[in-house]
Structure formats: structure tokens, C-alpha cells
Amino acid sequence: MPDGASRREFIKTGAAGLAVLPAGCNHANAEMRVRGVCAHDCPDACAWIVTTRDGKPVEVEGDPDHPLTRGVLCEKKSTVLQDLVFHPDRVLYPLRRTGAKGDGKFERVGWEDALADVAARLQKIIDKDGPTAILPYSYAGTEGVVQGRSLDRRFFARIGASRLQRDVCGSAGYEGLMATNGSFAGILPEDIIHSKFILIWGANPVLSNPHVWPLMEDARRRGARIVVIDPIRSATAERADLHLQPLPATDAALALGMMNVIIEGKLFDRDYVAKHTLGFDKLRARAREYPPERVAGITGLERQDIVHLAESYAKARPSTIRTLVGMEHHANGAMMFRTIACLPALTGAWKYQGGGMLHMAAHLFPLNEAAVSMPELEAKTARSINMVQLGRALTDPKLKPAVRALVVYNSNPATIAPNQGLVFQGLRREDLFTVVLDHVITDTARFADYVFPAATQVEVLDLLTSWGHQYLSINLPAAAPAGESVPNTEFFRRLARKMGFTEPYLFESDEDIVRAALKTDHPLLKGLTYERLAKEGWVSVRVPSPYLPYAEGKFGTPSGKCEFYSESLRAKGLDPLPAHVAVHTDSRFPLHLVSSKSTRNFLNSSMGHAESHMKAEGEPTVRMHSRDATPRGIRDGDLVRVFNQRGEMRLRAEVKDGVRPRVVSIPQGWWASRLKGKASVNVLTPDGLSDLGGGGDFHDAKVDVEKV
Ligand SMILES: Nc1nc2c(c(=O)[nH]1)N[C@H]1C(S)=C(S)[C@@H](COP(=O)(O)OP(=O)(O)OC[C@H]3O[C@@H](n4cnc5c(=O)[nH]c(N)nc54)[C@H](O)[C@@H]3O)O[C@H]1N2
Ligand SMILES: Nc1nc2c(c(=O)[nH]1)N[C@H]1C(S)=C(S)[C@@H](COP(=O)(O)OP(=O)(O)OC[C@H]3O[C@@H](n4cnc5c(=O)[nH]c(N)nc54)[C@H](O)[C@@H]3O)O[C@H]1N2
Ligand SMILES: [Mo]
């Protein structure tokens, strides 16, 4: 804690609805320290403390007492005050479009006029085309329970708007893990220090999960080996003891090759397999189809590397696989997760503290969801649209009724949705009424008819779970929302009122929503009250210590075992056994483009407005191998065109062999409007879906590159 901290006071309770500052805050030089938590869509959910002076936030620092995030805020958020809260580009008032769609020209209007017009236009659409012609579009701009999924969901359910399938992240991996384990449970991140072999598979924790990476380094100091499997030499791969670079979307074949070596070499845990798994004989037969030499041909790896990987993984006690989301974004994404998830059961790694698999922690927070997003209200609406395919939904002439109104908040689809050209085409439609609620004029907001000002995390009350650790956190408002900005919940209250709705569930206060979310008898959340959170800021859920979710089996599958053979997959028309399914190739475009989240200074597209973040990030490049660059006459630093049937990007080539041959990479997160060619990487990505879970297949993009 910084000097003098003990003399300062923490705000003791939160506020209902709009932020209300505690009495005494407007004293000259009154200094308050308010507990909060970063709301970014990141596994770390860092606890922070906001210092305010005379009611104005003056400093945001990490909470040094948080066991996982330990007082360190990352590059994306350590400057949140100057780069977001007080940034000159912040939207502070409602705005109405004055220019053409996409120009980003607006005039200031009053809340009353703006809301009256929005309500009238939505009503007109409901009367003429029916409520499903209205589409909400939101994702994880804030991970907060209240500002992320409460009154907004209730409002759209009340209208009967189309439902949005929010599957862009996490759902393909979820389906894969559920098929094998029947539950999302994995080890706790802090237990990774016990591991002796950390296999980071299609994840980039140095950037994407920066507070767990130091624990992995601790494990290394205690004797662990860190191996990364990634076609790209990511920031994490650079720091690994061994980096293997398979071709994208071939990881299920690699895992089957490992199983082949492990089973044939009798390196599996006979006892664990016999007691806690289902279908071992069938798995053995399947793995026999994947001898290392065949797997070498599929993955582009060396035979001996596959054998070495399998043996060292199986012999280490304990070994741990770290997965996240990167590998999901393929047409065979769920099957890759399903297959990889068989490995820790085969080796019995789950028996040891820190052994098994670390994926997401979302299952540790069984909040009273029925009282938050009220899913039973939404379930009444039949039509749902997958957020990954927004471009199609906005342009498909066969869609009846056509989408006539789009209400965007907590997301920036113009940047993050695939097939950007089609998304832009849809957003440009004159007969589409678009409303955006955000902090800044994002590339999506540039197309809006109305932009409304959203309050930032330091200005709202919220409850935050984490998908990377076991701490539940509260975010108390440290200041009143700047200008005329409001929390998302207040926007939906005001709009509901303007539309003449009177149902009390549309107007619940933020504090009541937090309290309702915590109202549950689930043993994990026992004793986690609003009062306790407001006092302590973050509290661990009640997981047993040590936490060994499958040491005694107890899988969540229908059989209660780890299902090497899955009847539920068969029922869905998929291979019941772990399988490698090749993704499509395109002879016109021989290079495989991976556009991962390799930006240190953006969180997806968030913070992409800030000059200082762009500067720190440096110009985006396309990384390519010299074996692909040289025949094309391309040298390091050349200006090139990366193109396919969907569009093109112009940027500089980085020929440093950081990617494997036949693969190129471009970072995701940059805004098209800030780049010279006015297109960001999603102009090149496909908008197909993953095999299960409705995830995207971004990383199956096929492109070619030429010098310009
Ligand atoms: N700095 C920063 N941190 C972030 C984010 C950010 O934008 N910036 N975004 C947040 C979000 S929303 C998420 S979901 C997480 C994601 O966290 P991660 O999953 O760790 O990150 P990604 O960049 O999506 O993907 C990780 C790696 O997967 C690799 N990959 C892609 N396809 C394959 C494949 O077929 N096989 C293998 N083996 N590897 C593959 C990519 O090359 C990439 O290096 O990060 C979060 N944290
Ligand atoms: N090519 C490619 N595309 C990808 C990915 C990839 O790896 N490659 N990754 C995918 C993944 S994993 C994800 S999760 C998605 C991320 O997609 P999104 O969740 O859309 O992520 P962001 O781009 O960060 O957009 C969040 C927006 O919410 C706004 N926001 C933040 N807080 C609030 C608030 O309180 N109120 C309101 N109204 N707005 C707020 C932010 O300013 C920002 O504009 O992108 C996907 N797209
Ligand atoms: Mo994500």
C-alpha cells in the first residue's frame, strides 16, 4: 500500500442506481479511496483502488493485497484516467448523426429529445415489422454482472427483440470441454506453481493473462518446463523452454499423436483410466490411427518432437495444460478442445495439486442468474442471431423480418466481427436505425443515428466474477458519471420509461441487482454478502483447499467419467471419439492467416482510440516466414497487400521467421478508421461457425500477400 494509505478512508457502501457519493466527499481536499476492479474482458479481473480528491478521481492503482493480481495493473488500464475517463474523445452527451453513415459526424442533442426519437422509431419498427426486427448487439465491453447483462437483457426481452447468440468467445471451448469432462472445472491458477510441466496450448498468457504468467515463471524456478504450442512465435512462445509450431487447426491430430505415444509406450495411468474414464479401448483404437509419422505430416512438426512432447508430458508429475481461447476460432475448434481435454485423464494428472488443465474459472460463480438477466423472459422470443454473423444478418435479403434497428453497447462489431466488409455494408444501410452506447466514437458508433454516453467503470456500481480466478469482486462508484453519461442500466431504465413500460423489473436499482445476484444457497457463494464485498472489495469463493476437481473422478458427464467416447457428441452428429477434422483450404489463397490478440496495449478493440496506446503498440505488421516472403520478392519492412476474396489490408511485412511457413499473422484490435487502408484484419476473416457452440472461425482465413 502507498504511504499514508492507512490514514485514508474507504467508501463503505455502494450506491443505488446512479453513483451517489458519500457525505463528506465534497470537503476541500477530501480524499477517498474506493475499491473497484477492472471490467475488461480478460481473465485477470484486477482489483484496483481509486483515489478521489473532492469527488474527482485522481489515481487508479492495483490493490497490492489481491492474491493473484498483486497490485499490478497492465498497460491497457494503468492509465485509465487520462486515456479513457478524462480523454478528450470521450462522449459526454447524446449525439445525433449529421453526416452520412460512417462519416462519424454528429451534433449534440438533449437526452429527452434523443430518447423520445429513439423510442418512437423503435415503436414504429415494432408496429410495422414486429419486434424481432430489432437486434441488440453487446458483448464483454464490461465483464460486470450489472452493466453487462441485467436491465438490457430484460428490456429486449420485454420488447420481444431478436435474441443475440453471444458465442464469439468461450463457447466452442466450453462445448469441447463439456463433451469430455461434463464440467468446466479445472485447477486454480495459483496452483500452477506446483506443476512440473506446463503445456501452454494455443494461449498467450504473457499478454492475455499477465498475472498468471509470473506464477508459471515461479513454477519454472521450482523445476517446471514450459512448452508452448502455437503456430506463431507469441510473446509467451519467446519465453518458453520449447516452442512447437504446428499448422493451425491441426492440434487434435497432435493430441491424438501424443495419445498414441502415451498408450503404446504404456505411459498412461492404468488405475485412473480404469476407474474414471469411459471408452479407453475405443480411444486406443483411434489413437492407433495417429502414429507420430502421420501426425508429423498433418501438423508439419518433426516426428521426434511429437514423441518427445508426449513422453515428457506424460512422465512429468504433475503436468498441466493451459488453454484459453485462441484455438477456438476454427471450424474444428470444439473438437480440438474435446480431444486435448482427454490427455490429463489419460495420464492421471488430475490426481495431483496443480495437475490437469487450467482453462476458465467461470463455473466458480454460480450467481442467481435468474434474478439478473432473467433468461426465462428472453426464452420466449424465437428468433436468434449469432453475433459472429452480424454482416450476414444485416445484409441477407432472405431474412424476414429484416433487421431494422440495431442497438449496440459493450461491443464494437465494426472492429471485432469477422467479414468486416459485409458488416460495414450492413451498417451503411440507410434503412437501418442504429443506436450505440459507448465511451468513445468507435468504428461502430461512426455509423450510428444516435450515440449515447456510457459511464466508465470508475463511475458505476457493479459485481464482477472472473474467468481466470476464484475471486468475486465489487466495483464501487468512485465518482459521479462525467458529463451526461450514464451507466448502461440507467440508459435502459430511461428508454423503458420513454417507451411507456411500467414493469418493475425494468427499473430495479443497480444495488438491488447486485444483491439479487448474490441471493443463492450455493455452497461456493456462502457468506458472500453485499456488505462483506463492499468492505473487503474481493472475496474468494469457497473452493475446497487443495482444489482437485477430478482427483476422484466425479466428472459431470452422463456417465460420471471422463468420456473418451461420448454418446452426447454422437447424438449431435459428431464423431463420438476424439478426432482431427481438417479445415478447408483454398488453392487461390495459400497462406493461413491467424489474427490473434497479440496487442499489449488494446483489449480487443478497447483503448484503440487512445493515441498513446497506438503509439506504444507501434504500427501493425503482417508477420511472415522468409520461405513465404522470398519467393514473393518481399523483404522485411516492405509495404505489402494482404488479400483474399473478401478484401485487403495494406501494411508492412515483418519477415523475422516468427511464424511458421505457410502461416501469416496480423494483430486483431486496431480500428479500421485509424489505419491507412481503412480496413483492419477482420476484413479478411471468414464468418463461418465452429463445429459446436456457435463460435467463429476467424483463424481459418486464407490469404495471399504481394508487394505493392
Ligand atoms: N493484451 C490483451 N489481452 C487480452 C485480450 C487482448 O485483446 N489484448 N483479449 C482478451 C480476450 S477477449 C481473450 S478471449 C483472451 C484470449 O487469450 P488467448 O487465447 O491467450 O489469446 P489469443 O490471442 O486469442 O490466442 C492465443 C494464441 O492461440 C494461437 N492459435 C490460434 N490458432 C491456433 C491453433 O489452431 N493452434 C494453436 N496451437 N494455437 C493457435 C494464436 O497464434 C495465439 O498466439 O485474451 C484476453 N486478454
Ligand atoms: N480477427 C479476430 N477477431 C476477433 C478475435 C480474434 O482473436 N481475432 N477475438 C474475438 C473475441 S475472443 C472477442 S471476446 C471479441 C471481443 O469483442 P468486443 O466485446 O466487442 O470487444 P471490444 O472491441 O473491446 O468492444 C467493447 C466495447 O465496449 C465498450 N464498453 C466498455 N465498457 C462499457 C460500458 O460500461 N458501457 C458501454 N455501453 N460500453 C462499454 C468499449 O468502449 C468498446 O467499444 O472479439 C472477437 N474478434
Ligand atoms: Mo474473448
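Since the structure is predicted, the reported quantities are computational estimates derived from the model, not experimental observations. (Residues numbered from 1 in each chain as written. Chains lettered and ligands numbered in written order. Predicted model: local features only at pLDDT ≥ 70, side-chain atom pairs only at ≥ 80, totals over all residues. Heavy atoms only, no water.)

Chemist: Any chance you could break down the overall build of the protein for me, citing the residues and the numbers?
Modeler: Secondary structure summary: the protein contains 25 helices and 28 strands in total. For 708 residues, the compact-globule estimate of 2.2 N^0.38 gives 27 Å, and the protein sits close to it at 25 Å. A buried classification covers 64% of the 708 residues belonging to the protein. Within the protein, contacts between residues separated by at least 24 positions form 76% of all contacts whose residues are at least 6 apart in sequence. Accessible area for the protein stands at about 25300 Å²; split by element, carbon and sulfur atoms hold 50% of it. Positive and negative charge centroids in the protein, built from 89 and 83 side chains respectively, lie 2 Å apart. (Helix = DSSP H or I, 4+ residues; strand = E, 2+ residues; numbered from the N terminus. Rg over C-alpha atoms; globule rule 2.2 N^0.38 Å. Buried < 20%, exposed > 50% of the residue type's maximum accessible area, 1.4 Å probe, protein only. Contact = heavy atoms within 4.5 Å. Areas by Shrake-Rupley, 256 points an atom, 1.4 Å probe, with all protein chains shown as cover. Lys, Arg positive; Asp, Glu negative; His and termini not counted. Charge placed at Lys NZ, Arg CZ, Asp CG, Glu CD.)

Chemist: Mind laying out the site of ligand 1, listing which residues take part and the relevant values?
Modeler: The immediate surroundings of ligand 1 are formed by 32 residues, with Ser208, Asp230, Asp251, Thr599 and Asn604 found nearest. The backbone of Gly202 places a nitrogen or oxygen atom 3.3 Å from an oxygen atom of ligand 1. At a separation of 2.8 Å, an oxygen atom of ligand 1 approaches a polar backbone atom of Asn204. Taking 910 Å² as the accessible area of ligand 1 by itself, protein coverage stands at 99%. Here the residues of the shell around ligand 1 sort into 17 nonpolar, ten polar and five charged. (Near = heavy atom within 4 Å. Polar contact = N/O pair within 3.5 Å; in protein donor to acceptor, adjacent residues only side chain to side chain. Nonpolar A, V, L, I, M, F, W, Y, C, P; charged D, E, K, R; others polar.)

Chemist: Any chance you could break down the sheet that holds strand β11 (residues 242–244) for me, citing the residues and the numbers?
Modeler: Taken together, five strands build an open sheet; the order of strands is β11-β10-β9-β13-β14 and the sheet is parallel. Of all the strands in the sheet, just β11 and β14 (356–358) have a single pairing partner and so form its edges. Strand after strand, the sheet turns through a mean of 20° between neighbouring axes, direction not considered. Taken together, the three bridges between strand β10 (residues 225–229) and β11 define a ladder with parallel strand orientation. In the sheet register, Ile229 faces β11, and the bridge partner there is Leu244. (Pairing = 2+ DSSP bridges. Axes fitted to C-alpha atoms, helices over the stretch in contact; angles between N-to-C directions.)

Chemist: Lay out the nonpolar core in plain terms, naming residues and giving numbers.
Modeler: Grouped together as the largest cluster of nonpolar side chains are 158 residues, with contacts concentrated most on Phe155, Leu199, Trp201, Met259, Leu346, Phe452 and Phe491. Of all the elements, helix α9 (residues 251–264) adds the most residues to this core, at ten residues. When neighbours within four sequence positions are excluded, Leu346 is seen to be in contact with Met259, Ile262, Ile263, Phe268, Asp269, Val273, Phe280, Leu283 and Phe564. Counting residues in hydrophobic clusters, the runner-up holds 33 residues, among them Val91, Met387, Val403 and Leu427. (Core = buried A, V, L, I, M, F, W, Y, C linked by side-chain atoms within 4.5 Å.)

Chemist: Tell me about the sheet that holds strand β19 (residues 462–464), and name the residues and values.
Modeler: Read across the open sheet, the three strands follow the order β19-β20-β21; overall the sheet is antiparallel. Each having just a single partner strand, β19 and β21 (538–540) make up the two edges of the open sheet. Adjacent strand axes in the sheet meet at a mean angle of 15° when their direction is disregarded.

Chemist: Which residues make up the site of ligand 2, and what values go with them?
Modeler: Around ligand 2 lies a shell of 32 residues, among which Ser411, Asp438, Ser595, Ser605 and Ser606 are the nearest. One of the backbone N or O atoms of Ile416 is found 2.8 Å from a nitrogen atom in ligand 2. Here an oxygen atom of ligand 2 and a side-chain polar atom of Ser605 are 2.5 Å apart. Contact with the protein chains hides 96% of the accessible area of ligand 2, taken as 930 Å² for the molecule alone. Split by residue class, the shell around ligand 2 holds twelve nonpolar, 17 polar and three charged.

Chemist: Hey, could you go over the pairing of strand β18 (residues 450–453) for me, with residue numbers and the actual values?
Modeler: Both faces of β18 are covered, namely the face carrying Tyr450 and Phe452 and the face carrying Val451 and Pro453. Here four bridges tie strand β17 (residues 433–438) to β18, and the two strands are oriented parallel to one another. When the bridges of β18 are listed, Leu437 appears paired with Phe452.

Chemist: So what's going on with the confidence of the model for the protein? Residues and values would help.
Modeler: For the protein, per-residue confidence averages 95 on the pLDDT scale, and 96% of positions sit at 70 or higher. Note on residues 1–28: pLDDT is under 50 here. Beyond four places in sequence and across chains, it has 62 contacts. (pLDDT = per-residue confidence, 0-100.)

Chemist: An account of helix α12 (residues 292–299) is needed here, citing residue identities and associated values.
Modeler: For α12, every residue scored as buried is listed here: Pro292, Val295, Ala296, Ile298 and Thr299. Relative to the axis of α12, the buried residues are bounded by an arc of 165° and lie together on one face. If you follow the buried residues of α12, they end up packed against α9 and α13 (303–315). Immediately beyond the C-terminal end of α12, within one or two residues, lies Gly300, with a positive phi of roughly 80°. (Arc of directions from axis to C-beta.)

Chemist: Report on helix α11 (residues 280–288), specifying residues and quantitative values.
Modeler: Within the sequence span of α11, burial applies to Phe280, Leu283, Arg286 and Ala287. Relative to the axis of α11, the buried residues are bounded by an arc of 120° and lie together on one face. Where α11 is buried, its residues touch α9, α10 (270–276), β12 (277–278) and α15 (343–347).

Chemist: Residue-level account of the packing of aromatic side chains, with values.
Modeler: The tally for this structure, following the rule as stated, stands at 21 aromatic pairs. Ring centres of Phe155 and Phe156 lie 5.2 Å apart, and the angle between their planes is 80°; this geometry places the pair in the edge-to-face category. On the basis of relative accessibility, which here comes to 4%, the residue Phe156 falls in the buried class. When the ring of Phe433 is compared with that of Tyr450, the centres are 6.3 Å apart and the planes differ by 80°; the resulting orientation is edge-to-face. Of this pair, Phe433 sits in strand β17 while Tyr450 sits in strand β18; the two residues are 17 residues apart in sequence, bridging distant segments of the chain. The class for Phe433 is buried, based on a relative accessible area of 3%. Since its relative accessible area comes to 1%, Tyr450 is described here as buried. One aromatic cluster in this structure is built from Trp111, Phe155, Phe156, Tyr409, Phe433, Tyr450, Phe452, Phe491, Phe492 and Phe501. The aromatic ring of Tyr93 is capped on one face by Arg108, whose charged end is 3.4 Å from the ring centroid. (Phe/Tyr/Trp six-rings, centres within 6.5 Å; stacked < 30°, edge-to-face > 60°. Lys NZ or Arg CZ within 6 Å of the ring centre and 35° of its normal.)

Chemist: Summarise the side chain of Asn412; cite the residues concerned and give the values.
Modeler: Relative to the helices and strands, Asn412 is located in the loop between β16 (405–409) and α18 (413–416). There is a polar contact of 2.9 Å between the side chain of Asn412 and the side chain of Ser605. For Asn412, the contacting residues outside a window of four places in its chain are Thr442, Asp443, Thr444, Ser605 and Trp671.

Chemist: Let's hear about the environment of Gly688: which residues, and what values?
Modeler: In this structure, Gly688 sits in the loop between β27 (663–665) and β28 (701–707). A relative accessible area of 16% places Gly688 in the buried class. Taking the C-alpha atoms as reference points, Gly688 and Asp700, twelve residues apart in sequence, are found 9.2 Å from one another. Once you skip the residues sitting within four places of it in the chain, Gly688 turns out to touch Val388, Gln389, Arg392, Gly695, Gly696 and Asp697.

Chemist: Got a sec to walk through the pattern of salt bridges? Specific residues and values, please.
Modeler: Summed over all chains, the structure comprises 43 salt bridges. Among the salt bridges present, the one from Arg286 reaches Asp575, with a minimum N-O distance of 3.0 Å. Of the two residues, Arg286 is situated in helix α11 and Asp575 in the loop between α23 (567–571) and β23 (591–594); the sequence distance between them amounts to 289 residues. Linking Lys707 and Asp638 is a salt bridge whose minimum nitrogen-to-oxygen distance equals 3.4 Å. Of the two residues, Lys707 is situated in strand β28 and Asp638 in the loop between α25 (626–629) and β25 (639–643); the sequence distance between them amounts to 69 residues. (Salt bridge = Lys/Arg side-chain N within 4 Å of Asp/Glu carboxyl O.)

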